[in-house]
Structure formats: structure tokens, C-alpha cells
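Given next are the chains, with one letter for each unit.
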Amino acid sequence: AKVDLVNFQERFPKLAPPAGSKKSVMNGFLGYRTYCMSCHPVNGETGGKARNLTSPKSIIEDHPRAWLTKFILDPNSVRPGFPMPGLSADEPHREQLAKDILEYLDTIGPH
């Protein structure tokens, strides 16, 4: 067995929030990494199964934040039959995490 430790920021430089970002942006980044990254690319990195969240333009530009927050929490409540899972019901402070993910996406924007 082999363990290959990779510095996340070096591996995915277009995903990391700018140095000195607010705590909510950093929390949103961690939420994105936990729940969104496997499907949704940001700035062309990771994911690939679903829409790029920042390009050609940011999802923040396409929908109001209240709608996006509701969509992250329960996609089927706004688009019945949509295949994306909602944010885990076991996640503490899940509504705040959804808002923080949006703040992260707004901060990282298209590179």
C-alpha cells in the first residue's frame, strides 16, 4: 500500500479561496469540498458529472440566492425529479452551510 499526500491548494489552485477570506467563505469552501466537488467543477477543476458552478459564468449570476439556498438544501423542492441530492440532513447548521457555499462561489468566481 502507498499513501500519496498531496497539498490540496497545489493540486487544485483554482479552487482555493483568496488568502485572508472570511470565515464564512472558508466554511463554504469546506462544504463545497465535502458535498459538491465530486460532481461540480469550479473554475474547470474537479467534478465533471454536473454543471461547472463558476464558468462560463457563476451560478450566482443565474439565480437569486434564496432560490439557490433552497435548491442546495432540497433540489426536488424547486425542481421535482432533479437527480442531485440535497445537503445532508445530518449536517448541523445546514442552512448556514448552504449560504456559505454560495458565498464561497461568489468569492472564488471565474478565474
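What counts, and at which threshold
Numbering of residues starts from 1 in each chain and follows the order in which that chain's sequence is written. At least 70 in pLDDT is required for a residue's local features to be given in this predicted model, at least 80 for side-chain atom pairs to be given and counted, and no such filter applies to totals for whole chains, interfaces and linings, which use all residues. In computing side-chain properties, one takes all heavy atoms of the structure into account and sets aside hydrogens as well as water. Only the stretch in contact is used when a helix axis is fitted, and all axes are lines through C-alpha atoms; the angle between N-to-C directions ranges over 0 to 180 degrees. The way it works is that DSSP assigns letters per residue, a run of H or I at least four long becomes a helix, a run of E at least two long becomes a strand, and they are numbered from the N terminus. Oblique is the label for every angle not falling under 35 degrees (roughly parallel), over 145 degrees (roughly antiparallel), or within 65 to 115 degrees (roughly perpendicular). It only takes one pair of heavy atoms within 4.5 Å for two residues to be counted as in contact. When residues are grouped by polarity, Ala, Val, Leu, Ile, Met, Phe, Trp, Tyr, Cys and Pro land in nonpolar, Asp, Glu, Lys and Arg in charged, and all others, Gly among them, in polar. Only protein chains enter the accessibility calculation, which uses a 1.4 Å probe. A residue is then buried if its area is under 20% of the maximum for its type, exposed if over 50%, and partly exposed in between. Each crossing is labelled by how the near helix is turned from the far one, with a counterclockwise turn of less than a right angle marking it left-handed and a clockwise turn marking it right-handed. Each residue carries a pLDDT score, the predictor's confidence in it, ranging from 0 to 100. What is meant by a nonpolar core is a set of buried Ala, Val, Leu, Ile, Met, Phe, Trp, Tyr and Cys residues, joined one to another through side-chain atoms within 4.5 Å.

1. Notes on the packing of helix H2 (residues 23-36) against helix H6 (residues 94-108)
And then number 1: Following both chains from N to C, one finds H2 and H6 inclined at 100°, their axes separated by 7 Å at the closest point. The angle between H2 and H6 places the two elements in the roughly perpendicular class. Seen from H2, the contacting residues are Ser24, Val25, Asn27, Gly28, Phe29, Gly31, Tyr32, Tyr35 and Cys36; seen from H6, they are Leu97, Asp100, Ile101, Glu103, Tyr104 and Thr107.
And then number 2: When its residues are assigned to classes, the contact of H2 with H6 shows 8 nonpolar, 5 polar and 2 charged.

2. Notes on unusual backbone geometry
The general pattern is negative phi for most residues beyond glycine and trans for most peptide bonds.
And then number 1: Residues Ser55 and Pro56 are joined by a peptide bond in cis, for which omega reads 10°.
And then number 2: In this fold, Pro56 is placed in the loop between H2 and helix H3 (59-62).
And then number 3: Notably, Asn43 is not glycine yet its phi reads approximately 50°, a positive angle.
And then number 4: The residue Asn43 is located in the loop between H2 and H3 in this model.
And then number 5: Of note in the backbone geometry, His93 takes a positive phi value of approximately 60° without being a glycine.
And then number 6: With respect to the helices and strands, the residue His93 is situated in the loop between helix H5 (75-78) and H6.
And then number 7: Under the relative-accessibility criterion, His93 is labelled exposed at 67%.

3. A word on the packing of helix H4 (residues 65-73) against H6
And then number 1: Between H4 and H6, the shortest axis-to-axis distance is 9 Å and the interhelical angle comes to 120°. Here H6 runs oblique to H4, going by the angle between their axes. Here H4 runs over H6; the crossing is right-handed. Contacts between H4 and H6 involve Arg65, Leu68, Thr69, Ile72 and Leu73 from the former and Arg94, Glu95, Ala98, Lys99, Ile101, Leu102, Glu103 and Asp106 from the latter.
And then number 2: Of the residues belonging to the contact of H4 with H6, the class tally is 6 nonpolar, 1 polar and 6 charged.

4. Details of the confidence of the model for the protein
And then number 1: Across the protein, pLDDT averages 90, with 93% of residues at or above 70.
And then number 2: Averaged pLDDT values over the elements of the protein bottom out at 77 in helix H1 (residues 8-11) and peak at 97 in H4.

5. Focus on the nonpolar core
Here is a general trend for soluble globular proteins: nonpolar side chains tend to be buried in one another's company.
And then number 1: By size, the foremost hydrophobic cluster in this structure holds 23 residues, and its most contacted members are Leu15, Tyr32, Val42, Tyr104 and Leu105.
And then number 2: Only H2, H3, H4 and H6 provide two or more residues apiece to this core.

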